[in-house]
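Listed below, chain by chain, are the residues.
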Amino acid sequence: MKSKYYLAWATDDEIRKRGANGGFVTATLVSALETGFIDLAVVIEKKSVYEGIPILTSDPEVVKDSSGSLHGVPLNLAKYVLESAPDKRIGLPVKPCDARGIIELAKRQQINLNNVYLIGLNCGGTLHPLQMRAMAAECFGLDPDSVLREEITDGKLFLVHEAEGTEKEAGMKIDELERQGRGRRDACKACDTKIPVMADLACGNWGVPQGEQKTFVEVLTEKGAAILDNALSNGAIEIENASEQGIELRKKIEASMQKLAARWNAELDVLKDLSPSERFAFYKAELQRCIHCGACKAVCPVCACEADAKCLEQHDETDSYAISMYNLLRLLHLMDSCIHCGRCEDVCPVDIPLTLIQRRFSERMQRHLDYTPGMEVTQTPPLNETKLRWRAEGE
């Protein structure tokens, strides 16, 4: 369907006050639960500015109390949806990488996408919680445990902290932090998918007139139109058409961030000027440190294999290969489907730079195959298609 653009906000004073950008996302999910449009919502329960827990709920009050975007909690919700309630209608706010993981799992018949309503959130990036704590202390001069909330606005990271019984705010330019080796996770720095155009709705504050507490909403699918109409019919939200000026401003912000991502993608590739033998030495040195804990596989949002996965079956702890079959098979298996979210690197207990390594292999393959994973549900993963064709020819 052709996209439609609105500014929208909650009609409930309390939701509008607590929710970001006028509370549209919260009000839409609450309305969908109250009217039985969805059975369950996935939201984040905030434990601290560095920790949030995904919860599955049918209670609108839990949705109202949930957290909005937590930049210091880089979750990917695809596996959580997979493991939750496969026969239920679920609504959830998603970053672009959440949506891409869910779509790749749907292609592998792990998730019934017809039952899932993806309320996409514009995303400029997330921060690793441990690095964010260090940044609060070393760059902002704060006790990390005094930080109450954070916000990224106009290219700045703001930390709101408790001081002498009151709340104070400290801000620094993200570009300045990142020049010091701080700031967003490497996967987010190089990510060029800023608006979740693969979701049912794409929401954010880009394109909203300055000073107005409203959400810019792009309706991308019939499902997106249906969940928005539900909230509108229920009196939970109000909308108005977005202006052409707002639509153009949103495009400009996205283009600017994509330009920055392209620069980071080039700068972070520290192997590009090395010889093949030097690159191999790097891969060997890094992957030899793997302890085969399986954490990278457990959190990977596009990995659909279970206990019979080839990377597990063909890996033998007694083998003396410099790079284990586990790592070689994972590199191969994810070449067409890796969405470069960086979750594997986040959880690696020995700090292997998996984001860089996987990106170097999969980006070239995806360009060669003319395939971008997680963007279009009707596109079959190319390597999966090869497997299906091979099977058919064999029969």
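Criteria and thresholds
- Residues numbered from 1 in each chain as written.
- Predicted model: local features only at pLDDT ≥ 70, side-chain atom pairs only at ≥ 80, totals over all residues.
- Heavy atoms only, no water.
- Pairing = 2+ DSSP bridges.
- Helix = DSSP H or I, 4+ residues; strand = E, 2+ residues; numbered from the N terminus.
- Axes fitted to C-alpha atoms, helices over the stretch in contact; angles between N-to-C directions.
- Expected span 1.5 Å × (residues − 1).
- Buried < 20%, exposed > 50% of the residue type's maximum accessible area, 1.4 Å probe, protein only.
- Arc of directions from axis to C-beta.
- Contact = heavy atoms within 4.5 Å.
- Disulfide = S-S within 2.5 Å.

**A short note on the sheet that holds strand β6 (residues 147-153)**
Consideration 1: Strand order in the open sheet formed by 3 strands is β6-β7-β8, with antiparallel pairing between adjacent strands. Each having just a single partner strand, β6 and β8 (166-173) make up the two edges of the open sheet. Within the sheet, the average angular offset between the axes of one strand and its neighbour, ignoring direction, is 20°.

**Focus: helix α11 (residues 276-287)**
Consideration 1: For α11, which comprises 12 residues, the first-to-last C-alpha distance of 16 Å matches the rise-based estimate of 16 Å (1.5 Å per residue) to within 8%.
Consideration 2: Buried within α11 are the following residues: Tyr-283, Glu-286 and Leu-287. On an axial view of α11, the arc spanned by its buried residues comes to 90°, and they lie on one face.
Consideration 3: Contact partners of the buried residues in α11: α14 (325-333) and α16 (354-369).

**A closer look at the state of the cysteines**
Consideration 1: The full count for this structure, using the stated rule, is 0 disulfides.
Consideration 2: Here Cys-188 stays unpaired: no disulfide links it, and the sulfur of Cys-123, its closest cysteine neighbor, is 5.8 Å away.
Consideration 3: Between Cys-303, a free cysteine, and Cys-305, which holds the nearest cysteine sulfur, the sulfur-to-sulfur gap is 5.1 Å.

**Quick notes on the sheet that holds strand β1 (residues 4-10)**
Consideration 1: Pairing is mixed in the open sheet, where 8 strands are placed in the order β3-β2-β4-β5-β9-β10-β1-β11. Single-partner strands in this sheet number two, and they are β3 (51-57) and β11 (237-241). Direction aside, neighbouring strands of the sheet carry axes that sit 30° apart on average.
Consideration 2: Both strand β2 (residues 40-48) and strand β4 (residues 90-94) contribute to a ladder of 2 bridges, which runs parallel. Within the sheet, the bridge partner assigned to Ala-41 lies in β4 and is Gly-91.
Consideration 3: Helix-sheet contacts for helix α10 (residues 244-268) involve β1, β9 (201-204) and β10 (215-219), and the interaxial angle to β10 is about 85°.

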